[in-house]
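# Results of the structural survey
This is what each chain is made of:
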Amino acid sequence: MAEDLNPFKIAQTQLDKAAEIMKLDKQAHAILREPKRTLIMSIPVRMSNGQTKVFTGFRVRYNDARGPAKGGIRFHPEETLDTVKALSAWMTWKCSLADIPFGGGKGGVICDTKKMNDKEIEAVARGYARALATDMGPEVDIPAPDVYTTPQIMAWILDEYINITRKNEFGAITGKPVELWGSEGRMDSTARGGMFIMREAMKRLKLNPKKSTVAIQGFGNAGRFAYELSDKMLGAKVVAISDSEGGVYDPDGLDLAKLDEAKKRTGSVQNYRSKNAEKITNEKLLELKCDVLIPAAIENQVRGDNADRINCKLLLELANGPVTPEATDTLFEKGIVDLPDFLVNSGGVVGSYYEWVQNITGDYWDTDTFNAKLDKKLTKSFLDTMNVQKEYADKGQKINPRMAAYIIAIDRVAKAMKARGWY
Ligand code: NAD
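In this report, we go over the structure that sits alongside the text. Quick caveat: nothing in here was measured; it's all calculated off a predicted structure. (Residues numbered from 1 in each chain as written. Predicted model: local features only at pLDDT ≥ 70, side-chain atom pairs only at ≥ 80, totals over all residues. Heavy atoms only, no water.)

## Details of the overall build of the protein
From N to C terminus, the protein includes 14 helices and twelve strands. Whereas a compact globule of 423 residues would reach a radius of gyration of roughly 22 Å, the protein reaches 21 Å, a difference of no more than 12%. Dimensions of the protein along its principal axes, counting C-alpha atoms only, are 55 × 55 × 50 Å. The buried share among the 423 residues of the protein stands at 59%. Look at the contacts in the protein between residues 6 or more apart in sequence, and 68% of them connect residues 24 or more apart. Summed over all atoms, the accessible surface of the protein reaches about 18,100 Å², with 50% contributed by carbon and sulfur. When the 61 positive and 57 negative side-chain charges of the protein are each reduced to one mean point, those points stand 2 Å apart. (Helix = DSSP H or I, 4+ residues; strand = E, 2+ residues; numbered from the N terminus. Rg over C-alpha atoms; globule rule 2.2 N^0.38 Å. Buried < 20%, exposed > 50% of the residue type's maximum accessible area, 1.4 Å probe, protein only. Contact = heavy atoms within 4.5 Å. Areas by Shrake-Rupley, 256 points an atom, 1.4 Å probe, with all protein chains shown as cover. Lys, Arg positive; Asp, Glu negative; His and termini not counted. Charge placed at Lys NZ, Arg CZ, Asp CG, Glu CD.)

## Side note on the sheet that holds strand S12 (residues 337-339)
Taken in spatial order, the seven strands of this open sheet run S9-S8-S7-S6-S10-S11-S12, and their pairing is mixed. One side of each edge strand has no neighbouring strand; the edge strands of this open sheet are strand S9 (278-280) and S12. Looking at each pair of strands side by side, their axes are set apart by 20° on average, direction ignored. Pairing analysis gives three bridges linking strand S8 (residues 246-249) to S9, with the strands arranged antiparallel. The residue bridging Gly247 from the neighbouring strand is Ile280, located in S9. Its contacts with the sheet put helix H6 (residues 189-205) on strand S6 (213-217), strand S10 (292-295), strand S11 (314-316) and S12, and the angle it makes with S11 is roughly 165°. (Pairing = 2+ DSSP bridges. Axes fitted to C-alpha atoms, helices over the stretch in contact; angles between N-to-C directions.)

## Details of the sheet that holds strand S2 (residues 52-63)
Strands sit in the order S1-S2-S4-S3-S5 across an open sheet of five strands; the sheet is mixed. Two strands in the sheet have a free side with no partner beyond their single neighbour: strand S1 (37-46) and strand S5 (141-145). Adjacent strand axes in the sheet meet at a mean angle of 25°, parallel and antiparallel pairs treated alike. Contacts from helix H4 (residues 118-132) reach S1, S2, strand S3 (69-76), strand S4 (103-110) and S5 within the one sheet, and its direction differs from that of S1 by about 140°.

## Brief notes about the environment of Val214
Among the structural elements, Val214 can be located in strand S6. Separated by twelve residues in sequence, Val214 and Ala226 place their C-alpha atoms 10.0 Å apart. The residues contacting Val214, other than those within four sequence positions of it, are Met198, Ser230, Ala236, Lys237, Val238, Val239, Ala240, Val292 and Ile294.

## Some thoughts on H6
Look at H6: 24 Å from first C-alpha to last across 17 residues, which is about the 24 Å you get at 1.5 Å a residue. For H6, the tally of buried residues reaches 13 of 17 residues, placing the bulk of the element in the interior. Of the residues flanking the end of H6, it is Lys206, one or two places downstream, whose phi is positive at about 55°. (Expected span 1.5 Å × (residues − 1).)

## Some remarks on the site of the ligand
Around the ligand lies a shell of 18 residues, among which Thr190, Phe219, Asn221, Ala222 and Asn320 are the nearest. Measuring from an oxygen atom of the ligand, one finds a backbone N or O atom of Gly220 at 3.2 Å. At a separation of 3.0 Å, an oxygen atom of the ligand approaches a polar backbone atom of Ser244. Surface burial for the ligand is 72%, taken as the share of its 830 Å² of free accessible area covered by protein chains. (Near = heavy atom within 4 Å. Polar contact = N/O pair within 3.5 Å; in protein donor to acceptor, adjacent residues only side chain to side chain.)

## Examining the pairing of S1
In this sheet, S2 lies alongside S1 in antiparallel orientation, the contact comprising ten bridges. Following the sheet pairing, Ile43 is matched in S2 by Phe55. Between S1 and S2, which follow one another and run antiparallel, lie five residues, and Gly50 among them has a positive phi close to 90°.

## Comments concerning the pairing of S4
In terms of burial, S4 is a largely internal element, seven of the eight residues being buried. Direction of pairing for S2 relative to S4: antiparallel, over a ladder of six bridges. In the strand pairing of S4, Arg59 is matched with Gly107. Alignment of S3 against S4, held across six bridges, turns out to be parallel. Residue pairing in the sheet places Lys70 in a bridge with Gly104 of S4. For the handedness criterion, the β-α-β arrangement of S3, helix H3 (residues 81-97) and S4 is classed as right-handed. (Right-handed = clockwise from strand over helix to strand, strands pointing away.)

What follows is the structure, given as structure tokens:
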């Protein structure tokens, strides 16, 4: 039978599995299976052709026992409430594992920004802000950019929020332009955080980064910075990279300037040229023999039907949800260390947390300070995860890193709910 890839069902199944292993209190488990609050909004927008079109938007506050809900807003033509619910659950676990004082939330609008002009996108953003204004804020729910939303869109949402509340609360939203008190360092913090995790994991696996090969799926914010930093920060050789059109493989390593040039000139990195470069499909890229595989594009890439052919030693989930539950089990059996998305890409939300801290204290940091704090935080999350995995192994129960990370995250949220008297 084909795997059920409904994201919210996956999120619930992962919670159920962790709950069983850690013997989670049944009442806490019941609370954590569903979002605390779901808002569905309709946003009428006068389009450039003079006609009014009604867009549907969502905001889910999954759990806020440990602090205000935190999570991005996606503008996506195939957005669904279940996707937003799942992502808000994963934000809850991500913030908890990173041990930052936030709960989890997520938002989305069903719209295709590729078919809209800037005025229409701005109108949707402002409409979304008006629908959410009284239910967001630095102590309540703090949105951020996500798929197809930008710092500029965050600036419009903030402006609307300030106009409605009459409060100059810049910490009401993160991922803002630096001119509006966005943070230095936030731009590449997702990939940089992933690199800190890669460095620590390679130490454990006794892999020398300078003698290691890396394959990356995706050449957007996460994938392109992951390329740049694997090379510059760790000295690893990136042998393959891709975008939605396809990928390129060169056993001698790729050159970033030439990749940028191919992308700019032809719209895809697959048209990169060098002596030994060859085009490869995204499927083949995932199956390449390499030391580190970094899926940094979209969800459900490593599944029950291809997990057996994955041929790396370390898999870093920089994208959200790139490895399905069935594939997680197969990779674990094969001895591949698969580090979960809500650990590997948590540099993004930790970066957002640092932006919020700077906004509410009014004390602004330079990039070096930001990166040094990020390193400490991400390294600790990785070590916490490895320690819990070892604790279970010592008790005779083998669990994968995803389960170990879940157990830490769920335990912290459950303890906060208990202390607050929710069960
Ligand atoms: P992006 O839009 O900047 O880039 C996405 C990349 O994926 C592009 O290169 C695109 O061509 C490629 N792509 C799209 N469809 C593809 C397909 N079918 N096969 C292969 N490649 C495909 O997005 P991003 O910000 O880099 O995010 C990538 C992933 O990382 C997403 O899962 C996102 O949720 C996750 N993530 C990003 C951040 C962040 O701060 N940017 C934070 C946390 C998680």
